[in-house]
Amino acid sequence: MITWRRGLLGLVLLALAGLLLAWSGLISIGASSGHWKITDLVLHWAMEQSVETAALSVEEPPELDEPRQIRRAAGHFEASCAFCHGSPLRGRPPLSDRMTPPPPTLTDSARIWSPAELFVIVQQGVKFTGMPAWIAPKRADEVWAMVSFLRALPGMDAGTYRELAFGTDRPPEGDPDPVLAYCARCHGYDGGTDRGAFPVIGGLPEAYLRDTLQAFASGTRQSGIMRFAAAGLTPSAIARVSAHYAGQRPPAAEPGERVAGLLAHGEKIATEGLPDRRVPACRRCHGDWPGRNPAFPELDGQAAWYLEEQLHQFKAGARGGGPYARLMAKVVPGLAPEDIEAIAAYYASLPAAPQAAATR
């Protein structure tokens, strides 16, 4: 009994001594002092164990290393990650070496961590470092795109990185709007050149584009990539960008493989709906007819992968959106995965809506 009491007393005295030391201010919290070696080892070991355990429940998607996935995350990496971790284009920033702990270069990330472990790190972030959690944690698709990019980064040269992060579209003659130039890194100046990795936004209604950017900026529409891009835009910048892309007419997409039964099913849902499942016809809101709400987007000619992704996000309650997004929440419960695939294929097979219809 005496030994037990002495042990408890010793623990209490040790805790009090620690509190006294912290209260004295003698423990430096300055990043310039770095961590003790033992502190660094313990923290990194605990982080490794946490990541490995969390990754056990993560399932890798089949499209992990597709070029579309890599391109999709490159611009976001340049805008939000490279200033700490460096890149093939800029090397390692001097600021990184003055952080505690210094952020690692990512040339060996794919060798050190599995895809599932990278997913956990990107989505959840890391405590006691400057590594933040993903802004939109429900957007697993965006996190996986970043994982795809990180897996490709070690073998990437500066020229390839520049093309992926900044795009290849050239600005029109004259002094380009810097905000538009930033958007064009991913979307091009016509809003549809790189539809393999990004949605077609050229020719969409100006009101819809404006509402969408405002929703991204406020976080009511979920996207870690677009919230970072839109959060700093002023109302006038949002208006300029929306007006520009509403007036564009991107070239038509190359016709893909036509699956007759799939397109027929998609057309039926678009024109007639699924009354037995309380799914109205898509054309009631997204069709090209006089008096249509200009805040509803055109779907004709949109990339099939993007339409599928958005409908699945609506079903999962992970998308959010502008003032009319709540309407979709009432539509999608009646759609099965095969219905979503058919709708996406049908609208992707159509020519884009005329520019005049998109901007009225």
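For the structure, see preceding data.
For every chain, the first residue of the written sequence is number 1, and numbering continues from 1 along that sequence. Thresholds applied to this predicted model are a pLDDT of at least 70 for local features of residues and 80 or more for the giving and counting of side-chain atom pairs; totals over whole chains, interfaces and linings are not thresholded and use all residues. In computing side-chain properties, one takes all heavy atoms of the structure into account and sets aside hydrogens as well as water.

1. Focus on the pattern of salt bridges
So, point 1. One side-chain nitrogen of Lys or Arg within 4 Å of one carboxyl oxygen of Asp or Glu is enough to make a salt bridge. Per the stated rule, a full pass over the model turns up 13 salt bridges.
So, point 2. Here Arg92 and Asp97 are joined by a salt bridge, their closest N and O atoms 3.1 Å apart.
So, point 3. Accessible area is worked out with a 1.4 Å probe on protein chains only. A residue is then buried under 20% of its type maximum, exposed over 50%, and partly exposed in between. Among the residues examined, Arg92 registers a relative accessible area of 32% and is labelled partly exposed.
So, point 4. For Asp97, a relative accessible area of 48% translates into the label partly exposed.
So, point 5. Among the ionic contacts, a cluster of salt bridges with common partners joins Arg72, Arg139, Asp141, Glu142 and Glu309.

2. Focus: helix 8 (residues 158-166)
So, point 1. Put simply, DSSP H or I for four residues or longer makes a helix, DSSP E for two residues or longer makes a strand, and each gets a number counted from the N terminus. Among the residues of helix 8, Tyr161, Leu164 and Ala165 are the ones counted as buried. Buried residues along helix 8 cover an arc of 90 degrees about the axis, so they all sit on one side.
So, point 2. Elements in contact with the buried residues of helix 8: helix 3 (67-80), helix 4 (82-85), helix 7 (140-152) and helix 9 (178-187).
So, point 3. N or O atoms closer than or at 3.5 Å make up a polar contact, with two conditions inside protein: a donor-capable atom paired with an acceptor-capable one, and, for residues adjacent in sequence, both atoms drawn from side chains. Where helix 8 starts, the residue carrying a side-chain oxygen 3.3 Å from the main-chain nitrogen of Gly159 turns out to be Asp157.
So, point 4. Phi for Gly167, located one or two positions after helix 8, is positive at around 75 degrees. The arc in question is formed by the directions pointing from the helix axis toward the C-beta atoms. By definition, residues are in contact when any of their heavy atoms lie within 4.5 Å.

3. Thoughts on the nonpolar core
So, point 1. Joining through side-chain atoms within 4.5 Å is the link that ties buried Ala, Val, Leu, Ile, Met, Phe, Trp, Tyr and Cys residues into a set, and such a set is a nonpolar core. Judged by nonpolar contacts, the single largest core of 34 residues is most densely connected at Phe77, Trp134, Met146, Phe149, Leu150, Leu153 and Tyr161.
So, point 2. Breaking this core down by element, the ones donating at least two residues are helix 2 (37-55), helix 3, helix 6 (115-124), helix 7 and helix 8.
So, point 3. Considering every element that reaches this core, the biggest residue donor is helix 7, with 7 residues.
So, point 4. With residues near it in sequence (within four places) discarded, Leu150 still touches Phe77, Leu106, Ser109, Ala110, Leu118 and Val122.
So, point 5. Listed in part, the 22 residues of the second largest apolar core include Leu263, Ala270, Leu299 and Phe314.

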